[in-house]
Amino acid sequence: MLRLSQSKRIILLSLVAVSIILVLFRERWLVLIGDFLIIQDTLEPADVIHVIAGEDYRTDYAFQLYRQGYGETIFFTGGRCEFHLTGHGARAKERALTQGLPLVSIAFDDSEVMSTYMEAEKLKEWIARNSYPVQSIIVVSDPFHMRRALWTYQQVFGDQIQIQMAPVPFELTPYRATWWKNTESQKYVREEYFKFVFYLFRHQYSWGFFKDWLASFDTH
């Protein structure tokens, strides 16, 4: 009985110690949880800037990168945008022309896609059709999307192309680095962890019927 009692005390004290550590360093842990999802490279000029379909601030940030000399072409995917009732690529093209970007610098594929993975595949198909070689790309999306996006592009392209990640700065998005203080950011972080695990099984650790079943849940 004494040995059991001592074991219980050790377990209880350990739980108390862990709880205290979690409380004292709560904000630090929360920062690490969010930061794990964010990948931001020191950019070098690339052949193509690929904007993953989303809100206009992604498009506008890609325009900034283009003007700064980080890409020769901006490529858009995403299919039809139900909010604006037009294709993401067609809308981006008109937005680019309105802001003075040359038509020759804009390319897009507005065929329907269901996931980030499919958008990366559309980029790969477009590159294969090009008459000029593409050796490097810059990927633009939301900060918390970056880790899953990088994993996706690495799966699609392997080591054939240099991949650089350029998250839209937080101040240009509705999200916050202190994600636990913002409802939209909380939702984004929670869903990204779920989607990243889903992608691991969907595209790498599944086969047969299980893989086909997971494919029915494809999502951005």
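A few points on the structure. Quick caveat, the model's predicted, so the values are computed rather than measured.

Parameters and conventions
Residue positions are given per chain, counted from 1 along the sequence in the order it is written. Totals for whole chains, interfaces and linings use every residue, but because this is a predicted model, local features are given only for residues with pLDDT of at least 70 and side-chain atom pairs only at 80 or more, for both listing and counting. Hydrogens and waters are ignored; side-chain quantities use all the structure's heavy atoms. Two strands qualify as a pair provided DSSP detects at least 2 bridges between them. Note on conventions: DSSP H or I runs of at least 4 residues are helices, E runs of at least 2 residues are strands, and numbering of each starts at the N terminus. Convention adopted: a line fitted to C-alpha atoms gives each axis, helices being fitted over their contacting stretch, and angles between N-to-C directions are expressed from 0 to 180 degrees. The contact criterion used throughout is that any non-hydrogen atoms of two residues lie within 4.5 Å. What counts as a salt bridge is simple: a side-chain nitrogen of Lys or Arg found within 4 Å of a carboxyl oxygen of Asp or Glu. Each residue's exposure class comes from its accessible area (1.4 Å probe, protein chains only) as a fraction of the maximum for that residue type: buried when under 20%, exposed when over 50%, partly exposed otherwise. Here is how to tell: hold the view so the strands point away, follow the path from the first strand over the helix to the second, and if it runs clockwise the crossover is right-handed.

Turning next to the sheet that holds strand β7 (residues 162-167). Here 5 strands make up an open sheet; going across it, the order is β5-β2-β1-β6-β7 and the pairing parallel. Whereas interior strands pair on both sides, the edge strands pair on one side only; in this sheet they are β5 (106-109) and β7. Here the average twist between neighbouring strands, direction ignored, is 25 degrees. Judged from the 4 bridges that link them, strand β2 (residues 71-77) and β5 form a sheet pairing that is parallel. Along β5, the bridge assignment pairs F76 with F108. Packing of helix α3 (residues 56-67) onto the sheet brings it into contact with β1 (46-51), β2, β5, β6 (136-141) and β7, and relative to β2 it is tilted by some 165 degrees.

In this section: the pattern of salt bridges. A complete count under the given rule lists 7 salt bridges for this structure. The partner of K187 in a salt bridge is E191, with the nearest N and O atoms 2.8 Å apart. Highlighted residues: K187 and E191, both in helix α7 (residues 183-203), separated by 4 residues, approximately one helical turn. You can call K187 partly exposed: its relative accessible area is 42%. Residues participating in the shared-partner salt-bridge network are D56, D60, R91 and R95.

Here we come to the pairing of β7. Most of β7 is tucked away, with 5 of its 6 residues classed as buried. In terms of strand pairing, β6 meets β7 through 6 bridges, oriented parallel. Paired with I137 across the bridge in β7 is I163. Between the parallel pair β6 and β7, the chain is carried across by helix α6 (residues 146-157), and the sense of this crossover is right-handed.

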